[in-house]
Each structure stands twice: as C-alpha cells, then as structure tokens.
Amino acid sequence: MDAPVHPETTGAEDPASFFDRLGPSYGSRYQGTDRFHRYYFHERMEKAVRGLDLRNGNVLDIGSGTGDLYGVLSARFPGMRFLASDVSAGMLEHSLVPPAQRLLGRIYEHDLGTARFDAIFMLGVSTYMDRDELEKNLAFAAAHLAPSGNFIITYTNAHALDTWLRALAKGLLGRRAGPGGNVLSSGMKIHRYSHASIKALMEPRFRITGWDALNHTVFPFNRLLPGPSVATAKYFSRLGGAPAWLRFLSSDLMVRAGGK
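Residues numbered from 1 in each chain as written. Predicted model: local features only at pLDDT ≥ 70, side-chain atom pairs only at ≥ 80, totals over all residues. Heavy atoms only, no water.

Engineer: Please give an account of the side chain of Glu-133 that cites residues and values.
Structural biologist: Looking at the element boundaries, Glu-133 is found in helix α5 (residues 131-144). You can call Glu-133 buried: its relative accessible area is 15%. (Helix = DSSP H or I, 4+ residues; strand = E, 2+ residues; numbered from the N terminus. Buried < 20%, exposed > 50% of the residue type's maximum accessible area, 1.4 Å probe, protein only.)

Right, dumping it as structure tokens:
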C-alpha cells in the first residue's frame, strides 16, 4: 500500500479551535474579492454536485463549515432534506443551514438509526483528520449511504507540486507566524494522500465511480499572480478526470463512489 504522506510536526492546533476562530468570516472568503479563493470554491463545488439529481433526496454534509454546500443545493433542489455536521461550534453558529438540521461533533458519535442518504459529502475535511478519524468517518458514510447513493470526498494530493511547495513554506515558517487565519500559518497537522493510498482506503468499503483533479494552481504564484494562475487552472479543469500528469498540477483529488 502506498501510505499517505503524514503531517508536519511544527505545532498542532486543534482543527475545531482553528475553525471556531474563522467561523464569523469563513463563508465570505469564498465569495469576496479574493480571486483565488473564489475560483477554488466554485471549482470544487461545481464538480462535487455535477450530475446529481437530489430532488426530494436525503443529503448529509460531513464537515459542513458555514453551509456553502447547502446554499448551492437548496437553490437547485428545494425539496431535498439536508443534514449538516461539523466539529466546530463556531462554524455551525454562522451556518446557512437551519439550526434544526445541524449536528455538532463527530458524525459517528450521533445515532442516526437506519437513516440512508442519497448523497454524502466530505469536502475539504480529510486534510485535518488523522488516519483513525478518517477511517471512522468512512465507515459511517458506508453504513449510511443509500444503495444507489453517491459519496463525494476530497483529499489533499500528496504528489502535487503545490503540496510540496506549501510544505516547504510551512517548514520555513515554523512557529514564527503564530496562530493565523490560514492553514499554512495555523500549526495544524496536514494529512495528504496519494492516488494509490486513496484507492486503498476507499475500495474496501466503496465502489469508486469517478475521479476529478482540483485546483491546478501552484503556491505561491496562485496568490502573487492570481489572474494568470486562475486562467491557466480553468483551462486544465476543462480536461476532466485525473490522469497522472494532471494530478501533479492539482492540489486536491475528488473521489465519487457508491456503496459495495
């Protein structure tokens, strides 16, 4: 098995505490003037929901943050039933999801009985889960996915040029940056996975039905030169899929899967 590249050890801020601090402003960062964040959010969201028909469907969003996925899906499928979970009280406090549809804490610690979901999402959260935590979430998702349901999850790509450069920058920063408003300076442990290790994680519980490569930009140019970086990334994004050469230029990998 191709093991995941494991986290840096320069500090270890708890993810819940980090996202609690960001809760009041987190949603706006993807809709504001920051061109890179806007591109990153919209590409991930567009690929995550592409082809889904969730009219009258049951949807679970694990690690829902401030509810951006709910905002997108509720506009398209007003008849769906949506449940959001997050370990961060600060994120849920500022969520678009109605309070009665929010669960605070780890999803596998909630008893959902025999509930089955037509779509289960885990977008942008495996990065902050250690292996044991990730396995528990995957097991929960497999147990609660409807027979014809879709499980959509993203992983930070261990073999991306962007990932290597970010790790190098974080190593150089060390603790000097202090607690920050971004992952690079936060001190959080970052968990990265290769294409092969993702398959090894997923295939015992799921049937993989599709791959997408996300964010074809490279740090720090995506922040210093957002216009050219985003324009180039959008060109690559139209190619679709996740061939090996494109994975090298993609910071994240998205997997779509069904139950076994």
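Engineer: Summarise the pairing of strand β5 (residues 145-156); cite the residues concerned and give the values.
Structural biologist: In terms of residue burial, β5 counts as a mostly covered element, since nine of its 12 residues are buried. Of the pairings in the sheet, the one linking strand β4 (residues 117-122) to β5 comprises five bridges and is parallel in character. Note on β5: the bridge partner recorded for Phe-121 is Ile-152. This β-α-β element, β4 to α5 to β5, shows right-handed connectivity. The pairing of β5 with strand β7 (residues 252-259) spans six bridges and is classified as antiparallel. Considered in β7, the bridge of Phe-151 is made with Ala-257. (Pairing = 2+ DSSP bridges. Right-handed = clockwise from strand over helix to strand, strands pointing away.)

Engineer: Outline the sheet that holds β7, listing residues and values.
Structural biologist: Strands pair in a sheet through their backbones, by hydrogen bonds, and they do so in one of two ways: parallel or antiparallel. Read across the sheet, seven strands follow the order β3-β2-β1-β4-β5-β7-β6 without closing on themselves; strand pairing throughout is mixed. The sheet terminates laterally at β3 (102-104) and β6 (206-214), the two strands that pair on one side only. Taking each pair of neighbouring strands and ignoring which way they run, the sheet shows an average axis angle of 15°. The strands that helix α3 (residues 68-76) touches are β1 (58-62), β2 (81-86) and β4; relative to β2, the one it contacts most, it runs at about 175°. (Axes fitted to C-alpha atoms, helices over the stretch in contact; angles between N-to-C directions. Contact = heavy atoms within 4.5 Å.)

Engineer: Can you lay out a nonpolar patch on the surface for me, pointing to particular residues and giving the numbers?
Structural biologist: Side chains of Tyr-235, Leu-239 and Trp-245 sit close together on the surface and give an oily, nonpolar patch of about 350 Å² of accessible area. With respect to the element layout, Trp-245 can be found in helix α11 (residues 244-247). (Patch = residues over 30% accessible without salt bridge, like charges linked within 9 Å, V, L, I, M, F, W, Y side chains within 5 Å. Areas by Shrake-Rupley, 256 points an atom, 1.4 Å probe, with all protein chains shown as cover. Salt bridge = Lys/Arg side-chain N within 4 Å of Asp/Glu carboxyl O.)

Engineer: Talk me through helix α8 (residues 195-202); I want residue IDs and the actual numbers.
Structural biologist: Taken together, the buried positions of α8 are Ser-197, Ile-198, Leu-201 and Met-202. Looking straight down α8, one finds that the buried residues subtend no more than 130° of arc, so they occupy a single side. The inward-facing, buried residues of α8 abut α5, β5, β6 and β7. (Arc of directions from axis to C-beta.)

Engineer: Tell me about the layout of surface pockets, residues and numbers included.
Structural biologist: To find leftover empty space, one rolls a probe the size of a water molecule over the atoms. Here the second largest pocket is characterised by a volume of approximately 160 Å³. Forming the boundary of the second largest pocket are Arg-35, Arg-38, Tyr-39, His-42, Glu-43, Glu-46, Lys-47, Arg-50, Val-230, Lys-234 and Ser-237. Mapped onto the lining of the second largest pocket, the elements with two or more residues apiece are α2 (35-49) and α10 (226-237). Take the lining of the second largest pocket: its biggest share by element is seven residues, from α2. Looking at the lining of the second largest pocket, its residues break down into two nonpolar, two polar and seven charged. (1 Å grid on protein atoms, 1.4 Å probe; cavity = no way out; pocket = protein on both sides within 12 Å on 5 of 7 lines; lining within 4 Å. Points joined across faces, edges and corners; volume = space filled by probe spheres on them. Nonpolar A, V, L, I, M, F, W, Y, C, P; charged D, E, K, R; others polar.)

Engineer: Could you give me a rundown of the environment of Tyr-235, with the residues and numbers involved?
Structural biologist: Examined against the element boundaries, Tyr-235 turns out to sit in helix α10. Counting along the chain gives 19 residues from Tyr-235 to His-216, while the straight-line C-alpha distance between them is 9.1 Å.

Engineer: Give me the lowdown on the packing of aromatic side chains, citing residues and values where you can.
Structural biologist: For the structure on display, the rule yields three aromatic pairs. For the ring pair Tyr-70 and Phe-82, a centre distance of 5.1 Å and an interplane angle of 65° mean the geometry is edge-to-face. On the criterion of sequence distance, the pair formed by Tyr-70 in helix α3 and Phe-82 in strand β2 is long-range, its members being 12 residues apart. A centroid spacing of 4.7 Å and a plane angle of 20° characterise the contact between Phe-151 and Phe-206, whose relative ring orientation is stacked. In this pair, Phe-151 is assigned in strand β5 and Phe-206 in strand β6, connecting sequence segments 55 residues apart. Across the pair, exposure class does not vary: Phe-151 and Phe-206 are buried alike. (Phe/Tyr/Trp six-rings, centres within 6.5 Å; stacked < 30°, edge-to-face > 60°.)

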